[in-house]
Amino acid sequence: MYLPRQLISHLYLQLLRSHHPLSPPVLILVALEPDALCACRILTALLKRDYIPHKIQPVAGYGDLSRAGEELVKPMQTTNGGSGGVVVCLGVGGLVDLSEILCLTNPEDEVEDMGGVEVWVFDARRPWNLANLFGGQPVSEQALGEIDANARRKTRGWGHRVYDDGDIEEDMGKEREAYCALLEMPEIDEEDEEDLGDDSGSEGEVDQPSSSDSRKRKSWSRTDDEDESDEEDGPPRQRRRSNSGSSLVSSPTRQRPRVHDPFHSSRAVTPVLESPSIAQPKQPSARSLKRRLLRLKRKHEGVLQNYYSSGTSYSEPISSLVYSLASELGREDNDLLWLAIVGASSLELSGRTMSGVGISNSSESGGSAGWGGERGESIRQILRDEVHRLNPPDPYERDRDIRGEINGVIPTTAKSPTDKSIRLSPEPRFILIRHWSLYDSMLHSPYLASRLHVWTENGRKRLNKLLAKMGISLSQSHQSYTHMDMELKRVLRQRLLKYAPMYGLDGLVPAEASGHASSREGWGFVRCWGWKACLSATDVGVIIGAMLEVGPEEAPGSWDTKHLSRPRSAPELNGVDSTESDLASIVPRFWCAYDALSLTSESPTLLLEALPLAQHLHRSILRTGTSLLSKHQIRHLRAFRIAVVKDGPDVKLFTNPGALTKLALWIAEAIRVQERERGDSVKIGRKRAAGTPLVLAGLDEDRDLYVVVGTGGGGGVVDFAALNKRREERRKKKEAKETKRKEKEERRAKRATERARREADGEEDFEESEEEESSSESESESEDDDDTRADRHLLRNRFGIAFQEVVQETNTRVRIDSFDHCVVEVQKEDLGAFLEALSFRSVVG
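Looking at an unreviewed UniProt entry, one finds the protein named Putative cell division control protein 45 and attributed to Aspergillus bombycis. The UniProt entry for the protein carries the following text under Subcellular location (unreviewed entry): "Nucleus". What UniProt records for the protein under Sequence similarities (unreviewed entry) is the sentence "Belongs to the CDC45 family."

Right, here's the structure in full:
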């Protein structure tokens, strides 16, 4: 069951009202990623203020999630001797059936028994598992008083509460209708379905499990001339990931559908009778009704199949969603706002766009653009408005601040020793510019490196020429940025705006700001801690990401490179338990990153101490990417390019999926620019992609396997302005079709007058003609749905689906455990066969 966004605070208020000293702690399951970590910090700050005890459990993958369900969630159930409680999933669980993976229900029970456990789900990954969304009725404001009784009556507990960021309510009407219709629809015998399959005129049945719980559904009620069919059990219960099928949830026994619903209503056309003595038309035969039922079933299954097979994507950051919860409660402040900004800013660094993990066309824009398109920019604008609201300018310094913003001076120091405010800044697309030299910051920028080709000698020369044109000497550019000449820092942005377009760097810095306007499109965020530190949100995202992806392994605060990797035992691929050693090595990273985002610390000490680690990671990305490109070690297969990292000084660093993904994004950006310069962009369907998808494999010698990540080729984000225009055109077409439908209704009325005159042997033929007409109408509707789906899911990353298909059809030993389904682990000897089978799959769509 999902919770509409306007009711986002009601569950928390209900928890606050029902909490007492003997209540069990709230269990928080957190993914190992900066966005989820920031959301966890915001939520725990709210719980601490209300004196609600809680427990945080880091979760690295589906193996850890299943283990947490067995060891932590299951004992909470009242049916297992517990006292119930609340489980909050931050960045985990949205793509799978939580009742199954958290061991909350027994598949043999006809009524779900959650045992008093309530699950809150915050997840930006798409597609949703529809069992979590539509397993119950959506909560309305009028029904809040009855929610407790209704939930306990249906599931003997609370069940799931998915927090909707707006997508479910606005864009998933067809999926909700199809899902609920399949729940209510009677089952058809397999023999009857095979017998009617050739006559239905619809597509073949979707090869997906129709029920996650394998519970019984009622059989189709036949007419009096046929026997009543028995109930059938559903297909075997399976553990599911993303795109795991229609994911139907069992429903209690329902009444038989009335004869006129849903079939008779479609034929309820009042005939124009010439004489009252003409007999009424006969009811359709059982075979005809059954055929229509099968056609309707396959239509709904097709809707769900299209949704699951469209590929992965990312929606609103969960840190901003949890901040919305704090805002509705009236608890927002600078600390929580800063965490929301850091979480949102981290998405671009990890390549999480509305088209899945990959590069996006919006990266051509300046500033912090890179995910979400128009919607992402609207979220960032809301955060900028919050910055202005919670950080009003000092009236004595207002004019100076406005002049600084208009001139585009990058702030590097606080205004006073006690200044902890958040400010807007025209951040250039450099890496750690305040903590590196200008030259190193530009050299390690993925945006600038790909366009200047810094992996070549000529590319380095172009970088030097750009600095020379701006009037910055090499000696000045190699100094720490904070120690550069003040005049050079003051005019840096203006000179970048002037000379960067000569080198194809139009989006290097955000556009000019106008006057006193509160809007600063493309501008970033900066926060100071007095004279102690000044960090941008992107800087913090880079540092936190490095802490989670690289180290430490020994103790918090130990950033020596000798501890960057620790040998781990070999996993049992396709086995039951293969992630305990992974979690043991990753948990210290989580807690160190968690402490670095402390809200009580007067200085971001741990963040500053981890700066060398972040610099080391980006040096390794540049060094490894340069080696692969300069040595031409990237091959082009049928559907994607492939590169393998199996030697070099940094090979151990890229055994982590997060670090490997950043390297893949760096290489993919470089390839995209090369293809665009050569003019050999590839076509995928009717769309033109701005690059080729990339598969990057990193060798983990300690475990004798390859970590493989697949990134999209830059299909871009959805252009909502163009989408609205297409929707308007589609509406006009729909009106034209409505006119044609009325004409068909008139023709049906005329045929109704002739139906009574037909002989018994002609009745079946008439039904067939009518079925063909209704079939053509349903096909036209499905075409409209496909067009809408294609617009909404423009070139999404489908590597997760392709990986699963390869595993099912080959004998390769593969482990799919990451929440990002485009990341897998392949046994070393099976990599060749795996890639060969993958090359025949569709990896974007």
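So, next bit.
### Some details on the overall build of the protein
Looking only at helices and strands, one finds 28 helices and 21 strands in the protein. Relative to its full complement of 845 residues, the protein shows a buried share of 57%. If you take every contact in the protein between residues at least 6 apart in sequence, the share linking residues at least 24 apart comes to 79%. Element-wise, carbon and sulfur atoms account for 48% of the exposed surface of the protein, whose accessible area totals about 36400 Å².

### Some words on the pairing of strand β15 (residues 641–645)
In terms of burial, β15 is largely enclosed, as 4 of its 5 residues are buried. Strand direction decides the pairing type here: strand β14 (residues 635–636) and β15, joined by 2 bridges, are antiparallel. When the bridges of β15 are listed, Arg635 appears paired with Ile642. Where β14 folds back onto β15 in an antiparallel hairpin, the turn is made up of 4 residues. As paired strands, β15 and strand β18 (residues 694–700) are joined by 5 bridges and run parallel to one another. In the sheet register, Val645 faces β18, and the bridge partner there is Gly698.

### Overview of the sheet that holds β15
Here we have 6 strands laid out as an open sheet, ordered β14-β15-β18-β19-β21-β20, and mixed in their pairing. With one partner strand each, in any of the chains shown, β14 and β20 (814–815) form the two edges of the open sheet. On the sheet, helix α27 (residues 799–809) packs against β18, β19 (705–711), β20 and β21 (823–827) and is oriented at approximately 135 degrees with respect to β19.

### A closer look at the side chain of Arg703
Relative to the helices and strands, Arg703 resides in the loop between β18 and β19. Look at Arg703 and you get buried, because its relative accessible area is 3%. A polar contact of 2.8 Å, which involves the side chain of Arg703, links it to the side chain of Asp700.

### Looking at the environment of Asp539
With respect to the helices and strands, the residue Asp539 is situated in helix α20 (residues 537–549). A relative accessible area of 3% places Asp539 in the buried class. Spatially, the C-alpha atoms of Asp539 and His435 are 8.9 Å apart, while their sequence positions differ by 104 residues. Asp539 has contacts with Leu432, Ile433, Arg434 and His435, leaving out every residue within four places of it along the chain.

### Digging into the pattern of salt bridges
Tallied over the entire structure, the rule returns 33 salt bridges. The salt bridge involving Glu549 is made with Lys662; its shortest N-O contact spans 3.4 Å. Pair noted here: Glu549 is in helix α20 and Lys662 is in helix α24 (residues 657–678), with a separation of 113 residues, a long-range link. Since its relative accessible area comes to 11%, Glu549 is described here as buried. Taking the shortest distance from any N to any O, the salt bridge between Arg841 and Glu805 comes out at 3.7 Å.

### Quick word on the packing of helix α23 (residues 611–630) against α24
Where α23 meets α24, the closest approach of the two axes is 10 Å, and the angle between their N-to-C directions is 50 degrees. Classed by the angle they form, the pair α23 and α24 counts as oblique. Between α23 and α24 the crossing geometry is right-handed. In contact with Leu617, Ile621, Leu622, Thr624, Gly625, Thr626, Leu628 and Leu629 of α23, α24 contributes Ala659, Lys662, Leu663, Trp666, Ile667 and Ala670. The residue inventory of the contact of α23 with α24, partitioned by class, reads 10 nonpolar, 3 polar and 1 charged.

### A closer look at the sheet that holds strand β11 (residues 422–425)
Taken in spatial order, the 3 strands line up as β11-β12-β13 in an open sheet, and their pairing is antiparallel. Strands at the two margins of the open sheet, each flanked by one partner only, are β11 and β13 (534–536). With direction set aside, neighbouring strand axes in the sheet form an average angle of 30 degrees. Direction of pairing for β11 relative to strand β12 (residues 524–528): antiparallel, over a ladder of 4 bridges. By the bridge assignment, Ile422 is partnered in β12 with Arg527. Contacts between helix α12 (residues 334–349) and the sheet are confined to β11, β12 and β13, with β12 contributing the most and set at about 140 degrees to the helix.

### A short note on the nonpolar core
Residues Ile28, Leu29, Leu90, Leu438, Ile544, Leu696 and Leu838 are the most contacted members of the largest nonpolar core, which totals 200 residues. Sequence-distant contacts of Leu90, that is, excluding residues within four places in its chain, are made with Ile28, Leu29, Val30, Ala31, Ala36, Ala39, Cys40, Leu43, Phe122 and Ile318.

### Observations regarding unusual backbone geometry
Note on backbone geometry: most residues besides glycine have negative phi, and most peptide bonds are trans. For the peptide bond that leads from Arg126 to Pro127, omega is 10 degrees, which places it in the cis range. Note on placement: Pro127 falls in the loop between β6 (125–126) and α5 (130–134). Positive phi is not limited to glycine here, since Leu432 has a value of about 50 degrees. Note that Leu432 resides in the loop between β11 and α15 (438–443). Since its relative accessible area comes to 1%, Leu432 is described here as buried. Unusually for a residue other than glycine, His632 sits at a positive phi of about 55 degrees. Of note, His632 is situated in the loop between α23 and β14. The exposure class assigned to His632 is exposed, which follows from its relative accessible area of 71%.

### With respect to the side chain of Ser437
By the element assignment, Ser437 lies in the loop between β11 and α15. Ser437 sits in the buried class, given a relative accessible area of 6%.

### Considering the packing of aromatic side chains
A complete count under the given rule lists 14 aromatic pairs for this structure. Ring centres 4.1 Å apart and planes at 15 degrees place the aromatic pair Phe122 and Tyr163 in the stacked group. Within this pair, whereas Phe122 is found in strand β5 (residues 117–122), its partner Tyr163 is found in strand β7 (residues 159–163), the two being separated by 41 residues in sequence. Assigned by exposure class, Phe122 and Tyr163 land together as buried. These aromatic residues form a ring-pair network of at least three members: Phe640, Phe799, Phe803 and Phe834. The side chain of Arg41 reaches across the aromatic face of Tyr594, ending 3.8 Å from its centre. When the ring centre of Tyr481 is taken as reference, the NZ or CZ atom of Lys489 above it lies at 5.6 Å.

The rules behind the values
Residues numbered from 1 in each chain as written. Predicted model: local features only at pLDDT ≥ 70, side-chain atom pairs only at ≥ 80, totals over all residues. Heavy atoms only, no water. UniProt positions renumbered as here; feature names shortened; annotations may be inferred. Helix = DSSP H or I, 4+ residues; strand = E, 2+ residues; numbered from the N terminus. Buried < 20%, exposed > 50% of the residue type's maximum accessible area, 1.4 Å probe, protein only. Contact = heavy atoms within 4.5 Å. Areas by Shrake-Rupley, 256 points an atom, 1.4 Å probe, with all protein chains shown as cover. Pairing = 2+ DSSP bridges. Axes fitted to C-alpha atoms, helices over the stretch in contact; angles between N-to-C directions. Polar contact = N/O pair within 3.5 Å; in protein donor to acceptor, adjacent residues only side chain to side chain. Salt bridge = Lys/Arg side-chain N within 4 Å of Asp/Glu carboxyl O. Parallel < 35°, antiparallel > 145°, perpendicular 65-115°, else oblique. Left-handed = near helix turned anticlockwise from the far one by under 90°. Nonpolar A, V, L, I, M, F, W, Y, C, P; charged D, E, K, R; others polar. Core = buried A, V, L, I, M, F, W, Y, C linked by side-chain atoms within 4.5 Å. Phe/Tyr/Trp six-rings, centres within 6.5 Å; stacked < 30°, edge-to-face > 60°. Lys NZ or Arg CZ within 6 Å of the ring centre and 35° of its normal.

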